[in-house]
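Here's the letter readout for the chains.
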Amino acid sequence: MNFELSQDHKVLQDAVRDFVNNEIKPIAMQIDEDHAIPDELVRKMAEMGFLGSYLPEEYGGAGLDMLSYAIVIEEVSKACGSSGVLISAHTSLACGPIDTFGSHEQKQKWLTPLNTGEKIGCILLTEPDAGSDAGAVTTSYRKEGDEYVVNGSKIFITNGGYLGTGVLFATSDKSLRHKGISAFIVDLQSPGISILKNENKMGIRGTYTTAFALDDVRIPAENLLGEEGQGFKIAMDTLNGGRVGIAAQALGIAEGAFERSLDYSKERKQFGKAISELQAIQFKLADMYSRIETSKLMTYKAAWMKDAKLEYSMESALCKMLASEAATYVTKEAIQIHGGYGFICDYEVERMYRDAKITEIYEGTNEVQRVVISKQLLR
Amino acid sequence: MKILVCIKQVPDMESRFKPAADGLWFDETDLAWRMNEYDEYAVEQAVQLKEQLGKEPELTVLSIGSDRVVEAIKKALAMGADRATHIQDAAAQQKDPWQIASIITAYAKDKDFDLIFTGMQSQDRGSAQVGVLVAELLGIASATTVVDFSFADGVVSVKRELEGGIKGLVSLQTPALVTCQLGLNVPRYPTLPNIMKAKKKEIEAIAVDSLLSEQAIAPTAQVYAPVRKGGGIVLEGDVGDMVQNLLGILKEKTAVVV
Amino acid sequence: MKVLLVCEYREGKLLDTSYELVAFADTLGAEKVAVLVGDEAAVPQLDAPVYLADVALCGEYNPAVHKAAVLAAVEKEQPDYIVFSHSSYGWDLAPRVAVALKVGQVTEVVGIVDGDFEVGCCNAKMRRKVKPTTARAVLTLQAGAFAAVAPQAAPRVERLEVAIDGQGLTFVGYEAAEVKVVDLTKAEVIVTAGRGVGKKDNISLIADLAKAMGGELGASRPVVDAEWVEHSHQVGTTGQSVSPKLYVACGVSGAIQHLAGMKKSDFVVAINKDKDAPIGEMADVLVVADVLQFVPVLTAQLQG
Ligand SMILES: Cc1cc2nc3c(=O)[nH]c(=O)nc-3n(C[C@H](O)[C@H](O)[C@H](O)COP(=O)(O)OP(=O)(O)OC[C@H]3O[C@@H](n4cnc5c(N)ncnc54)[C@H](O)[C@@H]3O)c2cc1C
Ligand SMILES: Cc1cc2nc3c(=O)[nH]c(=O)nc-3n(C[C@H](O)[C@H](O)[C@H](O)COP(=O)(O)OP(=O)(O)OC[C@H]3O[C@@H](n4cnc5c(N)ncnc54)[C@H](O)[C@@H]3O)c2cc1C
């Protein structure tokens, strides 16, 4: 057993870290204030290969592994949670299912521009009345000749505003519940797709969270992903991978807040000494660190299991749950360690606190993760 | 054309240093390591030259050190070097520049490199000798502290950085060696696809004993923390208080802030 | 003990740093001889033999030929130490001489401690003692480590004949320094931005402080290399040498090449989040703080 990163992973970690320190960290606050990630940064991340890290080289990906992917998101999220989830939603939620369930032709056509960042990807699953209960999707499709015609609406779609490539879930008959759902690859510039709204949010404000109306959207039959009726399975498989990305995002946010807190506790003096000399602060640091380390171990383990092609739905639920709860805990304590300064935007830990919260919600709320975990325990 | 780049792995200079137990080097535990900054410019320049000349030149990167330095080697490969040589030496930090240069020379002497790039110095040892020593031992021309580089028709044209913003223009017939100064170019980040490609590149390992026959002639006798001159006032703590303190001091001690 | 001083000459003039070599020899109480590739009018003024090779034949920069000149002087005088300034001339030539003699070299000596040569390491955060094992040794001296002595008597000049062979290297000429947009040498207050300011956008914070203090903006080299600030603001060996009444270094680590340009300042304030940063040694006041937090508050106070 070996818990060391390989040298290749260390080289990657260093390269990403340098990039993040020079290109992302200096503008993280501005990304939050502007509610936008500059296109220039998206382009640079694409050039770095961040948008196709674990996908095959044959289709323009970097051909690395899931652990590399987790490291990229972790490092990026240390500085900017918005940029972290842009990568995560794009890679595991759009590229992921196309890579796993797509045909060679589909991969050539859709995966290549996604991996190189020419198109930004997203997943369109959630609806106003279908959140945790993804089987309750009501967006409908019907076949007409060589096309599927889709009607309905989708909400909360990360990266939706880029109008790139989406993996869309719709049902042929909602009374069939899970069994009626199919997945489609959709060009979001197609007629009939309109943006209802880009949401204003508590955190990860740099990302798009888009609501779409779908009116008679015509999707070529060849864009069906997998088989008809396989949609729910595709969604669940996709979310398994996605949770590792969200765990890495949460981990990065927690680490970013922890680094700042550790430094600050050594700099800040009250009652004639650094606050790091107070046991109350020392215990906070110990608690924060222990949660970070456990979530890191579980996140890397889940990534390693996926790379080893082992069944990892338990671990992906565990790491997402642990890391997101570490993130909300650590960022909250980070503000406490900073005292009043922590509440002031300039110190950035308040942003991390706001960014952390969503990781307990999306890609399956933590309640849902507990359902997944306990179900497997009691199987 | 054959190009060699010599690189070293050094600690991050923002680390806290303390002497090692034997007092002959600094303690290496808990340090973060990276490629010597000067060497990043060397690698970048070599890769740019390779790009200029098409795919033809073969670019080898060389590093001497423990297994840990393979990280720096892999970075250079991911930046665009073709192949690497790792001269395995767990005690490289105890070698003086003369020994290091002798090792590199022993490796390079029958390989007919047309151009060799090194950093002008390492950030930790700062001896600024190895590049020139290698060139002299190989009997080839060399120029140090290069801030501008171009190559055409077997002639290398460089600008050397002199004091006060003046530059010295020098041309060299190949084979030649240049030592690279900060600001020579903009070193690229290794991209993920290139990190992947680098995994497939060859890293030849050579035991240092097979290349080294020289004794140290300028060994380190002791490494220690500098004695603080003291005298200066150190302000720490609350920002507002420090600002008030500083303004008080400036009013008292200088005529410029009133 | 005998020391050979390798003096330096550029664009028709002897460089003043040559007198720092004299100071070093005096510290050792050693007998001095000097060598110069230059001209008669520019020989160092000291009471010792000076070997002179004709610059008109040798060229101002021609390492193979200059090496031959130094080696000829070594041959005649058999010195214990051969000493150079640690400059673009010295660090280029010294290793060539060392390897030809196969003797140890100690680079950038800052002092002599218990008979050993002391040099900096790890960006001046640590010190190292080096002990050459060879009978003689080559040294380069950190700029300013040994305070220059005044010129003394007229020397006894001896001419050196050396073979002129550049061995593959041709010196083409000098490129003048860029015209200075700002002349920092006359500024009374300089507020300098180092890499610690983090990004280009933050330069304005430092520029605002400079303005509030009625001074000029300075920059360290990485800040100039990254094009955050234009080159004529650079302070240091390869920028300007300044001597303001007040020098405020913001996020500058205090590398020797930076210190070389600002050490003549009357009063130095350093703002750095690393209490161990070498700039602390030079500073009259070291403020341990994040520049981004400290500087705006200071500026606001000054603006009243
Ligand atoms: C910023 C943001 C980005 C998003 N990005 C995307 C995206 O890119 N694509 C996409 O399709 N969706 C996206 N979503 C949707 C997200 O995945 C859902 O919000 C999430 O799955 C929860 O669904 P809900 O909001 O409908 O909450 P609900 O399902 O209504 O849950 C409300 C509460 O009930 C609890 N609950 C529900 N069911 C159970 C149960 N069975 N057992 C125990 N507790 C339960 C939940 O845990 C929660 O506490 C995003 C959401 C946000 C806010
Ligand atoms: C031949 C030669 C000539 C050179 N000439 C020059 C020259 O003319 N001028 C010059 O400047 N350099 C010169 N250099 C480069 C020199 O060696 C150093 O690399 C350079 O001075 C370092 O610049 P810096 O202090 O800005 O950056 P760094 O060494 O990277 O230091 C940054 C500092 O900022 C601090 N810091 C970081 N973040 C913060 C924060 N938020 N708040 C407060 N502090 C922070 C860090 O603790 C660190 O001490 C030369 C080098 C060579 C080899």
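Residues numbered from 1 in each chain as written. Chains lettered and ligands numbered in written order. Predicted model: local features only at pLDDT ≥ 70, side-chain atom pairs only at ≥ 80, totals over all residues. Heavy atoms only, no water.

Engineer: I'd like a rundown of the sheet that holds strand β8 (residues 155–161) of chain B, residues and numbers included.
Structural biologist: Read across the open sheet, the ten strands follow the order β11(B)-β5(B)-β4(B)-β1(B)-β6(B)-β10(B)-β7(B)-β8(B)-β9(B)-β12(C); overall the sheet is mixed. Looking at which strands have only one partner, the edges of the open sheet turn out to be β11 (203–207) of chain B together with β12 (169–175) of chain C. With direction set aside, neighbouring strand axes in the sheet form an average angle of 30°. Strand contacts of helix α1 (residues 37–52) of chain B: β1 (2–7), β4 (58–65), β6 (115–119), β7 (141–152) and β10 (176–180) of chain B, with the helix running at about 150° to β6 of chain B, the strand carrying the most contacts. Sheet strands in contact with helix α4 (residues 90–101) of chain C are β7 and β8 of chain B, and its direction is about 110° off that of β7 of chain B. (Pairing = 2+ DSSP bridges. Helix = DSSP H or I, 4+ residues; strand = E, 2+ residues; numbered from the N terminus. Axes fitted to C-alpha atoms, helices over the stretch in contact; angles between N-to-C directions. Contact = heavy atoms within 4.5 Å.)

Engineer: Mind laying out the packing of helix α5 (residues 81–101) of chain A against helix α6 (residues 104–115) of chain A, listing which residues take part and the relevant values?
Structural biologist: Residues and elements named next belong to chain A. It is the contact of α5 with α6, at a shortest axis distance of 10 Å, that shows an interaxial angle of 160°. As the angle between them shows, α5 and α6 are arranged roughly antiparallel. Handedness of the α5/α6 crossing: left-handed. Touching H90, C95, I98, D99 and F101 of α5 are Q106, K107, W110, L111, L114 and N115, all from α6. Counted by class, the contact of α5 with α6 contains six nonpolar, three polar and two charged residues. (Parallel < 35°, antiparallel > 145°, perpendicular 65-115°, else oblique. Left-handed = near helix turned anticlockwise from the far one by under 90°. Nonpolar A, V, L, I, M, F, W, Y, C, P; charged D, E, K, R; others polar.)

Engineer: Which residues make up the domain arrangement of chain A, and what values go with them?
Structural biologist: All names here are of chain A. Each domain of chain A was delimited in the assignment, giving domain 1 (7–115), domain 2 (121–231) and domain 3 (233–378). Domain 1 and domain 2 are separated by 23 Å when their C-alpha centres are compared. The partner domain 2 presents 21 residues to the 23 residues of domain 1 that form the contact. Between domain 1 and domain 2, roughly 1,800 Å² of surface is buried when both sides are summed, and carbon and sulfur atoms account for 63% of that area. Looking at the side of domain 1 facing domain 2, the largest losses of area belong to H35, Q106 and W110, adding up to 31% of the total buried there. Our count for the contact surface shared by domain 1 and domain 2 stands at zero salt bridges. On the surface where domain 1 and domain 2 come into contact, there are eight residue pairs in polar contact (both at pLDDT 80 or more). Taken together, the elements giving at least two residues each to the side of domain 1 that touches domain 2 come down to α2 (28–34), α3 (39–48), α5 and α6. Examining the composition of the side of domain 1 that touches domain 2, we find that eleven residues originate from one element, α5, more than from any other. (Domains from an automatic or database assignment. Buried area = accessible area lost by both parts, 1.4 Å probe. Salt bridge = Lys/Arg side-chain N within 4 Å of Asp/Glu carboxyl O. Polar contact = N/O pair within 3.5 Å; in protein donor to acceptor, adjacent residues only side chain to side chain.)

Engineer: So what about the pairing of strand β8 (residues 116–121) of chain C? Which residues, and what values?
Structural biologist: Residues and elements named next belong to chain C. For β8, a buried count of five out of six residues is recorded, marking the element as mostly surrounded by other parts of the structure. In this structure, strand β7 (residues 104–113) lies alongside β8, joined through four bridges in antiparallel fashion. Within the sheet, the bridge partner assigned to G111 lies in β8 and is E118. In this antiparallel pair of consecutive strands, β7 and β8, the connection spans two residues, and D114 shows a positive phi of 50°. Here five bridges tie β8 to strand β9 (residues 126–130), and the two strands are oriented antiparallel to one another. Its bridge partner lying in β9, E118 is registered against K129. Hairpin connection between β8 and β9: a loop of four residues separates the two successive antiparallel strands, and C122 in this loop has a positive phi of roughly 55°. (Buried < 20%, exposed > 50% of the residue type's maximum accessible area, 1.4 Å probe, protein only.)

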